[in-house]
Amino acid sequence: MRAKEILLSRSAGRFSMVQGLALLLVFLLLSSTILYYMLSDEEVMENDPEVITVDDPTVFVTNSSGMPVDEEPLEMDFIFSDVGETGKEPSIGITSSGCMFFIAMEKPMRSCDYGESWTNVADATQAPFTSDPYGWVDLETDRVFNIHMMGLESTWIGWSDNDGQSWLGNPHDSGTTPLNDHIKLATGPWVDEGLFGPIGQLNPTYDTAVYFCFNKLAGISCFTSFDGGATFEVGGNIVGLASTNGGLHGAITTAPDGTVYLTPRVETPTLIFSKDNGLNWEEREMGTDVGTPNPRKNSEVATDSDSNAYHIWTGNDQGIYMSRSIDSGESWDAQSIRISPIEVISTAFPQTDAGDPGRIAVTYLGSENGSLLDSNSTIPENWTGNAHNAPNEVHYHLYVTYSLNALDENPIFHTRRITDDPVQIGSICLNSGDCNSDQGGSNRNLLDFNDLTIDLEGRVYIGFADGCTDACASSPDPQPADSRTGRGSVYFMANGPSLYVENGEMTSPVESPPPEMNKEMQSVIDIEAVRQEQFEE
């Protein structure tokens, strides 16, 4: 029996017909009022701003195995700048004034307006050509180094102390003896131990130690300068350590406690380090659980403000891996930690830097074309993910991964694919004597490395060579023959977390254009607009 019938039957013996009808009328009025407010509430709820959740395929949040985790991604975005010159094997550094220096090939390119414009600031004291370029900004002194290999015989070392307005240089230096290749330079603090440190601390000509390393025939040579890099009179071949693979190696990294790291390009992830400003060196291996691919490129070490160290490399399964040391390089994680998402199945050119403890950033080229694994590659065997042998259909993009708790037992990694169009189509030559593709020119167009650094505020800057530009970038079906450039390019963080805790969330130093809306989001908003119009009618 319905409510109205129950009410009337129970009231019949006590109320007259008129009273019953009056009571029914009151009930109907109350019912309609309640119904009105219920419907009104539903309409109000329908018109509240809808929380739209759209999965972004360019964003990944992962654990130490590369698997997704249920955590909110870090909010961050990046600004792109076209340097306008060839940018193969770039180095990027930022002085305290905010000027960016992008050094690749023989031109030291400078931008003091956050990438709006770039200028070649070389003068007659700087190298007229290069066989291998390298650059470095000493954050302690603001000295900018612009160094270039002159064939294999020696290196032209240039420097500026006024943001590139003027330069000095030594056109002939390769340590105590000629012959060098794959040159690298870095600076770091003097230490109290050993012979070099006390001498360096007494030298009034320059505040920090300058290190210059290269491979000489079958080994690595490293030298230390007491005069700010003008000359390198002490050092030599690091005998017996990591001398396989011709002494090829990655960048030099220094820690606040004075430890110097160098990463040889060998089969087992390895680094050599010095605690006495390059007088003596030791070797450590790690990463035996994941190994390295063959062929391979350089790995790199980052050190944070407490001198914890993070060694980054490409593993045999093509993931980007990390091992950590909290005792200045003496011991390292026994189990490697995967930084890259499991969806990224091929990688190259990992670079890294760190701010405060546990706060690191890593960049690399990567591909998510997992469906092409085990397909025909540029060699007779099917493709296993090595960029050197990638099939023509593979697209490589630029990725950046942040972790703000990289020292935790279970660190979280926030990764973004930051390029809209590919950086390379098809294979990337990782062995200069064995490039597998000559479609439209050699696929060694990106050469050997990219770069990532942070400024004094903890803002991340990435320098890279873009192999797919202009028509290749806009083509719906780009081919390897279209991807043979090496345009100098930069991404830097606009908004997002600083790698230094005290600086919190960074805001863009420039006014960014409104982001383009993807088609899926536009469709959702269009549908909501139609709903709103219907409600108003």
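Look up: the structure comes first, before these words.
Residues numbered from 1 in each chain as written. Predicted model: local features only at pLDDT ≥ 70, side-chain atom pairs only at ≥ 80, totals over all residues. Heavy atoms only, no water.

**Student:** An account of the overall build of the chain is requested, with residue identities and associated values reported.
**Tutor:** For the chain, the count of helices and strands is five helices and 31 strands. When contacts within the chain are restricted to residue pairs at least 6 apart in sequence, those whose partners lie at least 24 apart make up 60%. (Helix = DSSP H or I, 4+ residues; strand = E, 2+ residues; numbered from the N terminus. Contact = heavy atoms within 4.5 Å.)

**Student:** Can you lay out the sheet that holds strand β8 (residues 144-150) for me, pointing to particular residues and giving the numbers?
**Tutor:** The four strands lie next to each other as β7-β8-β9-β10, forming an open sheet whose pairing is antiparallel. Every other strand in the sheet has two partners, leaving β7 (133-137) and β10 (168-173) as the edge strands with one partner each. Each neighbouring strand pair of the sheet contributes to a mean axis angle of 15°, computed without reference to strand direction. Bridge count between β8 and strand β9 (residues 154-160): seven bridges; the pairing is antiparallel. Residue pairing for β9: isoleucine 147 is matched across the bridge by isoleucine 157. (Pairing = 2+ DSSP bridges. Axes fitted to C-alpha atoms, helices over the stretch in contact; angles between N-to-C directions.)

**Student:** Give me the pairing of strand β17 (residues 270-274): which residues, what numbers.
**Tutor:** In terms of residue burial, β17 counts as a mostly covered element, since five of its five residues are buried. The alternating pattern of β17 places Thr270, Ile272 and Ser274 on one face and Leu271 and Phe273 on the opposite face, and all of these are buried. Across three bridges, strand β16 (residues 260-264) lies against β17 in antiparallel orientation. Bridge pairing in β17 links tyrosine 261 to phenylalanine 273. Taking the residues that link successive antiparallel strands as the turn, the β16-β17 hairpin has five residues. Note that β17 and strand β18 (residues 282-285) share four bridges and pair antiparallel. Note that in β18 the partner of isoleucine 272 across the bridge is glutamate 283. (Buried < 20%, exposed > 50% of the residue type's maximum accessible area, 1.4 Å probe, protein only.)

**Student:** With reference to specific residues and values, describe the sheet that holds β18.
**Tutor:** With respect to topology, four strands assemble into an open sheet ordered β15-β16-β17-β18, the strand pairing being antiparallel. Looking at which strands have only one partner, the edges of the open sheet turn out to be β15 (249-254) and β18. Here the strands of the sheet are splayed against their neighbours by 25° on average, with no regard to which way each runs.

**Student:** Can you explain the nonpolar core? Please cite residues and give values.
**Tutor:** One finds Phe78, Leu398, Tyr402, Ile428, Val460 and Ile462 to be the most contacted residues of the largest nonpolar core, which totals 31 residues. Of all the secondary-structure elements, those providing two or more residues to this core are β23 (346-354), β24 (360-367), β25 (395-403), β28 (451-454), β29 (460-466) and β30 (487-497). With near-sequence residues (within four places) excluded, leucine 398 lies in contact with Thr363, Tyr364, Leu365, Arg416, Arg417, Ile418, Thr419, Val423, Ile462, Phe464 and Tyr491. Counting 17 residues, the second-largest nonpolar core is a separate cluster that includes Ile147, Met149, Phe223 and Ala230. (Core = buried A, V, L, I, M, F, W, Y, C linked by side-chain atoms within 4.5 Å.)

**Student:** Explain the pattern of salt bridges to me, and be specific about the residues and the numbers.
**Tutor:** Tallying each qualifying case throughout the model produces 11 salt bridges. Across the salt bridge formed by arginine 143 and aspartate 161, the nearest N and O atoms sit 2.7 Å from each other. Of this pair, arginine 143 sits in the loop between β7 and β8 while aspartate 161 sits in the loop between β9 and β10, and the two are 18 residues apart along the sequence. Note on arginine 143: relative accessible area 9%, which makes it buried. When its relative accessible area of 48% is taken as the criterion, aspartate 161 is described as partly exposed. (Salt bridge = Lys/Arg side-chain N within 4 Å of Asp/Glu carboxyl O.)

**Student:** Lay out the state of the cysteines with the relevant residues and their values.
**Tutor:** Scanning all chains against the criterion turns up four disulfides. Disulfide pairing is shown between cysteine 213 and cysteine 222; the S-S distance is 2.0 Å. Measuring handedness by torsion sign, the sulfur bridge of cysteine 213 and cysteine 222 sits at about 115° and is right-handed. Taking the relative accessible area as the measure of exposure, cysteine 213 reaches 1% and is therefore buried. You can call cysteine 222 buried: its relative accessible area is 4%. If the cysteines joined by disulfides in the chain are listed in sequence order, their pairing comes out as 1-2, 3-4, 5-6, 7-8. (Disulfide = S-S within 2.5 Å.)

**Student:** Requested: an account of unusual backbone geometry, with residues and values cited.
**Tutor:** Following asparagine 294, the chain continues to proline 295 via a peptide bond in cis, the omega torsion being 0°. Mapped onto the secondary structure, proline 295 falls in the loop between β18 and β19 (300-303). At tyrosine 114, a residue that is not glycine, the phi angle is positive and equals roughly 55°. In this structure, tyrosine 114 sits in the loop between β5 (107-111) and β6 (119-120). A positive phi angle is found at histidine 182, which is not glycine, with a value near 50°. With respect to the helices and strands, the residue histidine 182 is situated in strand β11 (residues 181-188). A residue is classified by how much of its surface remains accessible, and histidine 182, at 15% relative accessible area, is buried.

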